[in-house]
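For reference, the chains in residue letters:
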Amino acid sequence: MAASRIVIENCAIATVDANDTEYASGYVVVADNLIESVGAGSAPAGLENVVRRVDGTGHLLTPGLVNTHHHFYQWITRGLATDHNLFNWLVALYPTWARIDESMARAAAQGSLAMMARGGVTTAMDHHYVYPRGSGDLSGAIIGAASETGVRFTLARGSMDRGESDGGLPPDFAVESLDDALAATEATVDRYHDASFDAMTQIAVAPCSPFSVSTELMRQGAELARRKGVRLHTHGSETVEEEQFCKELFGMGPTDYFESTGWLGSDVWMAHCVHMNDSDIAAFARTGTGVAHCPSSNARLGAGIARVTDMLKAGVPVGLGVDGTASNESGELHTELRNALLVNRLGAHREAALTARQALRLGTHGGAQVLGRAGQIGSIEAGKLADLVLWKLDTLAHSSIADPVVALILGAAAPVTLSLVGGRTVVEDNHLTTVDEDAVARSTRTEARRLARITAAG
């Protein structure tokens, strides 16, 4: 059967390939779910079975954005504890989060996914680690929401086994036992993980953080992931307090602790990594351990400025993350492109920290690297999956910025005229085509109010 083709032409193109190839005016041909060709000028003549032609005049075409760290459930607890550092914020919110159930998790995932997809995300991830007893099938609810939205998705199946009685922050009824956490994680991998080239759903093993899980869960989690051939994810070096905690409890800093438990490697990525010294960065570079950089969340919680410039120079894979919407209320990744550039210019390297094109690379190819999918997504190249975003740059908001990449990164948030995931339309004219945005908004409001009532009732 002949391939169905979509032709996008007359647009600026930032391919984000190894050479950062760009075209002032070019085309992309999509054949079924793959990019067939990309180049300057007009699309080749005589293409067969073209089912759609898109005139991209006034637009920039980029790879779809790749989110590398998030907590979807936090969508229904936005706007709370707005003046807290990380540990105080966690203490304030865990009593609420410990009461989530399947219906809440689904609604929160729908809200988080819809907001990201509408803003150009074609590959999302969720680090979900709160599994209260009797709360239902939370993982299934989250994966179902991603499937409905139509984006590629990695569920980092999280876990916690260190509750309040063991010196942890979450309530005891919101944590799992070591054996239950490992068994549930393995069952999730067995049921949902797809290792194929065009996979829509993948699973990672993801104990929450050094201060909410036991050393044994870290060690056995790493062993489980490698036995199953899936990736590993956790929080690392987010705050000064975390570093102090690790030194007091384990006698070493976070990076050395991670290495001692098997948690450095090319199949691992860590969220945040704000407080990294030269030795830490060298260890990540040596082992190929990736980083999910979350500039808005780090600023919201006063965590600090990650040394992204130094990580990139050392060869550490770095992508961008929204992080949970209780610490980044916008819930959008395309705003992180701008914030990554601006926040890092406040650091030691100042105006030389990041360029607009480096920021775009973090949000596309860098994210694909971190998720282990750089051979499939993250750049516009023939043979890769057709995950593409067409950004509208011909309105008042960008009218006097000549460089389209600079317009996208430093200008106002650009509307998405078209977003394709594997050649399938997910966004058209700045609206989702896969789900009803108004229905999602109503559902998330309802579940947020229900959670607030349950929490207030104790």
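Looking now at the confidence of the model for the chain. Predicted coordinates in regions of low pLDDT should not be interpreted in detail. The pLDDT averaged across the chain works out to 96; a share of 100% of its residues lies at or above 70. Put simply, helix H6 (residues 240-250) is where the chain has its lowest mean pLDDT, 87, and strand S5 (residues 59-63) is where it has its highest, 99.

On to the layout of surface pockets, then. Put simply, the largest pocket is a space of about 210 Å³. Lining the largest pocket are 13 residues, with Trp75, Arg78, Gly111, Ala441 and Thr444 positioned closest to its centre. Of the residues that constitute the lining of the largest pocket, the class distribution is 7 nonpolar, 2 polar and 4 charged.

Its location among the elements puts Leu182 in helix H4 (residues 178-192). Along the sequence, Leu182 and Gly158 sit 24 residues apart, while their C-alpha atoms lie 9.8 Å from each other. Once residues within four sequence positions are removed from consideration, Leu182 is found in contact with Leu217, Gln220, Gly221 and Leu224.

Look at Ala81: it is not a glycine, yet its phi comes out positive at around 45°. As for its position among the elements, Ala81 is in the loop between strand S6 (65-66) and helix H1 (86-97). Residue classification places Ala81 among the buried positions, given a relative accessible area of 17%. If you check the backbone angles, Asp429 has positive phi at about 50° while not being a glycine. Along the chain, the position of Asp429 falls in the loop between strand S16 (424-428) and strand S17 (431-432).

To continue, consider the packing of helix H2 (residues 102-118) against helix H14 (residues 437-457). Interhelical geometry of H2 versus H14 gives an angle of 140° and a closest axis separation of 9 Å. Considering their axes alone, H2 and H14 lie oblique with respect to each other. In terms of crossing hand, the pair formed by H2 and H14 is left-handed. On H14, the residues touching Ser103, Met104, Ala107, Gln110, Gly111 and Arg118 of H2 are Glu437, Val440, Ser443, Thr444, Glu447, Arg450, Leu451 and Ile454. Each residue belonging to the contact of H2 with H14 can be placed in one class, and the counts come to 5 nonpolar, 5 polar and 4 charged.

Moving on to the nonpolar core. Residues Trp89, Trp97, Leu113, Met311 and Ile409 are the most contacted members of the largest nonpolar core, which totals 107 residues. Per element, the largest residue contribution to this core is 8 residues, and it comes from H2. Setting aside residues up to four positions removed in sequence, Met311 forms contacts with Cys273, Met276, Ile281, Val291, Ala306, Val316 and Val318. Listed in part, the 15 residues of the second largest apolar core include Cys11, Val28, Leu418 and Leu420.

Procedures and definitions
- Residues numbered from 1 in each chain as written.
- Predicted model: local features only at pLDDT ≥ 70, side-chain atom pairs only at ≥ 80, totals over all residues.
- Heavy atoms only, no water.
- pLDDT = per-residue confidence, 0-100.
- Helix = DSSP H or I, 4+ residues; strand = E, 2+ residues; numbered from the N terminus.
- 1 Å grid on protein atoms, 1.4 Å probe; cavity = no way out; pocket = protein on both sides within 12 Å on 5 of 7 lines; lining within 4 Å.
- Points joined across faces, edges and corners; volume = space filled by probe spheres on them.
- Nonpolar A, V, L, I, M, F, W, Y, C, P; charged D, E, K, R; others polar.
- Contact = heavy atoms within 4.5 Å.
- Buried < 20%, exposed > 50% of the residue type's maximum accessible area, 1.4 Å probe, protein only.
- Axes fitted to C-alpha atoms, helices over the stretch in contact; angles between N-to-C directions.
- Parallel < 35°, antiparallel > 145°, perpendicular 65-115°, else oblique.
- Left-handed = near helix turned anticlockwise from the far one by under 90°.
- Core = buried A, V, L, I, M, F, W, Y, C linked by side-chain atoms within 4.5 Å.

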